[in-house]
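Structural description and commentary
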Amino acid sequence: MTSWQRSGPLRVLLLFVLFAVCAEASSGEARGCWSPSITSCADCLQRGPQCAWCFQEDYLHGAEQSHRCDLPDNLRRRGCRPEFMEQLDVKVEVDAMLSSTQVSPREIDITLRPGSEASFIVAVKQLERYPVDLYYLVDVSASMQENLNHLKTVGVALSLQMTQHTSDLWLGFGSFVDKPVSPYVSVHPSKIDNPCSDYQTHCHPAHGFHHVLSMTGNISEFTREMKRQRISGNVDTPEGGLDAMLQAAVCQRAVGWRPEAKRLLLLMTDQPSHLALDSRLAGIVTPHDGRCHLENNVYTGSTMMDHPSLGQLSDKLLENHIYPIFAVEKKQYQWYEELVKLLPGAILGKLGLFQAPNLIDLVVDAYKRLLSEVAVSVSVEDKAVSRYWVSVSPLCPRGSTAKDQSCSGVQPGQTVYFNITVGQQSCTDDGEDEDVRMLVHPVGYNESTVINIHSKCQCKCGPTGRCDGNDQSPCRESQHGVSQEQRPDHGHMKDSSSDPNRNCKADGSNVNCSSRGVCECGKCVCEQSRLGMVYGKYCEMDDFSCPYEKGQLCGGRGVCVSGGCVCEAGWTGDSCSCPTSKTNCQSPDGLLCSGWGKCVCGKCVCDDPQHSGDFCERCPTCQVIRKSSCKSVDCHHFQGLSQKEVEICNTTCALHVGSKTDFPEQVSSGRLVGTFLCVCALTVLCGLVVVAVSRLLLQRRVMPRGGAGADLGYHSSGKDLSYIPTTNEKTVTYRRDRPPDHPMEMHIQVPKMPLDDHWQF
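Okay, so let's go over this structure. (Residues numbered from 1 in each chain as written. Predicted model: local features only at pLDDT ≥ 70, side-chain atom pairs only at ≥ 80, totals over all residues. Heavy atoms only, no water.)

1. Let's talk about the overall build of the protein chain
What counts, and what does not: What counts as a helix is a DSSP run of H or I of at least four residues, what counts as a strand is a run of E of at least two, and both are numbered from the N terminus. A 1.4 Å probe rolled over the protein chains alone gives each residue an accessible area, and that area as a share of the maximum for its type sets the label: buried under 20%, exposed over 50%, partly exposed in between. In this description, contact between two residues means that some pair of their heavy atoms is separated by no more than 4.5 Å. The Shrake-Rupley method, run with a 1.4 Å probe, gives the accessible areas here. Residue values count only the displayed protein chains as cover.
Of the regular secondary structure elements, the protein chain holds 16 helices and 36 strands. Expressed as a percentage of its 761 residues, the buried residues of the protein chain come to 40%. When contacts within the protein chain are restricted to residue pairs at least 6 apart in sequence, those whose partners lie at least 24 apart make up 63%. About 43,200 Å² of surface is accessible on the protein chain, with carbon and sulfur atoms providing 53% of the total.

2. Topic: the side chain of Ser448
You can see Ser448 is positioned in the loop between β21 (434–442) and β22 (449–455). Sequence-distant contacts of Ser448, that is, excluding residues within four places in its chain, are made with Val103, Arg106, His321, Val440, His441 and Pro442.

3. A word on the side chain of His307
With respect to the helices and strands, His307 occurs in the loop between β13 (298–299) and α11 (310–319). What makes His307 buried here is its relative accessible area of 2%. Non-local contacts of His307, meaning those with residues more than four positions away in its chain, are made with Asp178, Lys179, Gly240, Asp243, His274, Leu275, Ala276, Asp278 and Ser279.

4. Quick word on the pairing of strand β8 (residues 132–139)
Taken residue by residue, a regular strand's side chains alternate between the two faces of the sheet. The test is simple: Pairing between strands requires that DSSP locate at least two bridges from one strand to the other.
Most of β8 sits out of view: eight of its eight residues are buried. Of the two faces of β8, the one holding Val132, Leu134, Tyr136 and Val138 and the one holding Asp133, Tyr135, Leu137 and Asp139 are both buried throughout. Here β8 pairs with strand β11 (residues 262–269) via seven bridges, running parallel. Residue pairing for β11: Leu134 is matched across the bridge by Leu264.

5. Focus: the nonpolar core
Nonpolar side chains tend toward joint burial in soluble globular proteins. The cut-off we apply is this: Within this scheme, the nonpolar core is defined by two criteria: the residues are buried Ala, Val, Leu, Ile, Met, Phe, Trp, Tyr or Cys, and they are joined through side-chain atoms within 4.5 Å.
Within the largest apolar cluster, 70 residues are counted, with the highest numbers of intra-cluster contacts made by Leu134, Tyr136, Val138, Leu158 and Leu266. Filtering out sequence-adjacent residues up to four positions away, Leu266 remains in contact with Leu134, Tyr135, Tyr136, Leu137, Ile325, Ala327, Leu359, Leu362 and Val363. Membership of the second largest hydrophobic core comes to 32 residues, among which are Leu267, Leu317, Ala346 and Leu348.

6. Some points on the pairing of strand β14 (residues 322–329)
Counted only if it meets this: Clockwise travel from the first strand over the helix to the second, with the strands pointing away from the viewer, marks a crossover as right-handed.
Of all the eight residues making up β14, eight are buried; the element is thus mostly covered by neighbouring parts of the structure. Burial along β14 is two-sided: Ile322, Pro324, Phe326 and Val328 facing one way and Tyr323, Ile325, Ala327 and Glu329 facing the other are all buried. Strand direction decides the pairing type here: β14 and strand β15 (residues 347–351), joined by five bridges, are parallel. Looking at β15, one finds that Ile325 is bridged to Ile347. For the segment spanning β14, helix α12 (residues 333–340) and β15, crossover handedness is right-handed.

7. Some words on the sheet that holds β22
Threshold: Every angle, taken between N-to-C directions, lies between 0 and 180 degrees, and every axis is a line fitted to C-alpha atoms, over only the stretch in contact when it is a helix.
Strand order in the open sheet formed by seven strands is β4-β6-β22-β21-β16-β19-β18, with mixed pairing between adjacent strands. Strands with a single pairing partner mark the edges of an open sheet, and in this sheet they are β4 (91–94) and β18 (401–403). Each strand axis lies, on average, 20° off the axis of its neighbour in the sheet, ignoring direction.

8. Remarks on the packing of helix α9 (residues 241–250) against α11
Quick note on the threshold: Any angle from 65 to 115 degrees is called roughly perpendicular, while one under 35 is roughly parallel, one over 145 is roughly antiparallel, and all others are oblique. Whether a crossing is left-handed or right-handed is set by the direction in which the near helix is turned from the far one by less than a right angle, anticlockwise for left-handed and clockwise for right-handed.
It is at 9 Å that the axes of α9 and α11 come closest, and there the two elements cross at 25°. By the angle class used here, α9 and α11 are roughly parallel. Considering the relative orientation of α9 and α11, their crossing is left-handed. Facing α9, whose interface residues are Leu242, Met245, Leu246, Ala249 and Val250, α11 presents Leu310, Gln312, Leu313, Lys316 and Leu317.

9. Comments concerning helix α6 (residues 154–162)
Note the following rule: As used here, the arc belongs to the directions running from the helix axis to the C-beta atoms.
Inspection of α6 places Val154, Gly155, Leu158, Ser159 and Met162 among the buried residues, and these make up the whole buried set. Projection of α6 onto a plane perpendicular to its axis shows the buried side chains occupying an angular sector of 125°, all on one side.

10. Focus on the state of the cysteines
Put simply, the rule is: Cysteine sulfur atoms that come within 2.5 Å of each other are treated as a disulfide pair.
Applying the stated rule across the entire model yields 17 disulfides. A disulfide bridge connects Cys546 with Cys560, and the sulfur atoms are separated by 2.0 Å. Taking the torsion about the S-S bond as the criterion, the Cys546 to Cys560 disulfide, at about 85°, is right-handed. Remark: Cys560 occurs in strand β29 (residues 558–561) and Cys546 occurs in the loop between β26 (541–542) and β27 (548–549); sequence separation between them is 14 residues. Of the two residues, Cys546 and Cys560, neither departs from the other in class, the shared state being buried. Between the sulfur atoms of Cys606 and its disulfide partner Cys616 the distance amounts to 2.0 Å. Across the disulfide from Cys606 to Cys616, rotation about the S-S bond amounts to roughly -105°, and the bridge is consequently left-handed. Within this pair, whereas Cys606 is found in strand β34 (residues 603–606), its partner Cys616 is found in the loop between β34 and α15 (623–632), the two being separated by ten residues in sequence. Residue classification places Cys606 among the partly exposed positions, given a relative accessible area of 24%.

Written out as structure tokens, the structure is:
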């Protein structure tokens, strides 16, 4: 037995469970809206996007407020008009007025409710050649002395190499060491201004970040500034690289980032970097505020705020469209390898020495990757991040490969589309409406898409703003002492004009509220049943006492009134399962059931048992005649005829067909007699032939061929030469065992008597 056969029962069980779960899910959706705990429109809409609330004043006539929450189709069948339904209204509006060259659209407005979602497309186009801004952020601690000397010639060489990819390259420069406080640097008076005093050389004071040169297209100026740089010093091993990166990213005006350029930030160091909370060693506990703090190109907040977190740095890099590149020595490569996983779009290069050719190759490769890989990052305001979810699916062009939320191998001029879905999980704690801003950042691009989310948690309920539909009268408000459990009076009326409960009795009825509710202030308040809901002006309607069709009351095509289904237009039957339209009974030739039946519950019921088929079109004995008869009255061509003419044509065609079918029956009876006689004659003839052939075969087996015994190879003895043996002989051999030297055998031939011989005595 194969493994598949052995697991057959298990497979059947799993399929059954899956079917049950699916059926439960489908039925659960239908009853997932209503709940006894629902008391308001807001509670209803939070049940899911499929739910709706009916604020029609006379809806259900006395039923509980919770029954105003249901599926829109159920509310409509129970009498709620569409204009009185408060339901999910998801809107996606795109602002097409804002122009864009890389990312489109630039702004989208979305209206959501809890449980709903909306999808939209963001297109990112890869241009042929971009202007490039490259900012060098260099670690100038003492260990970088040798590497810093190699960087002084990188500007010209890089400019020449990048001309193959861009005609507009601007360069900038900045340096960093660490926070100038203990225990990161020495606070001895002799080392504050010159950390290298022990080595008989002059160094720059330690600094968190020093912006040296703003973006410029003058490569010669960049080279001069690089040659002026000198090292500094600190005490501990980690440096303040991440702190300096954030300042270089957010200080847009000081650095001189161009809005239209691709922005590359190259960090060069030979040591790991400090992370958030490391500053507590120096007594600095204030979190970083993510803002620019440059005065005279020097970072003044270094001694007042902690190092930024990786999440904060990632947000600022994306917000300012900056693409980070890390050039580190191979000893620190593993540490930064884990770091770049948390920074979208970051590139890591392993370099032995920071020589010009190595740095140029790293920058060029990073730029090529920036152009060939298109990815997006979606950010939501911190206050609302727990109430929304986002899904991103890239649609990559031909020749590129999709990976997570990006496309790699994109060629210049191609467009990448991202299908983004935003959903709302819940409302705020106070249940009020809110507006949330979401940003879609294509990594490394200087354009983005702004998503304005308008969360609707409150219900408008039409012009009046009344969602409960409760029109309590002063009479009801004054009767607080009347119990809701009071049973109705079932007595007969003597004077209907003086009966205060006359408005609670249906026409022709002598009982209040159909004996299923109490009359209060001239209106019925229906009782609640464990079987389902009771409602209606006179409590005459419910959702449980009528026939079910496919698991739905009245087949889902009507309402239950007084134990019977009141079907919607186009349906009839006890469970509203029969369509009133006869379209399904129309045969291809235009006849109703081919003229041989009636349309009952949307199916043809044939009048004549000879006819069968979905349209009573099958009749082997009368098919040919029926076609000729229908053709004679042109029943196959109804175009241009009125409904009355079509009915006359159908009737005429049916009569012609009926008048012709008797004749084939009479003719067929005569043919049956002839057929029977022919079969009998053939049977007798076949029997005679079989007997003759059998006799001939027997004679041939008995008579010898040629008529002589010599032909058969038999030899007669001299005692009876007149007897010629036939093949009807039997030879019997007897053998008695003797000693081996005297064997003995005896043969006896007993011929059978020939057929023509007589017995002789």
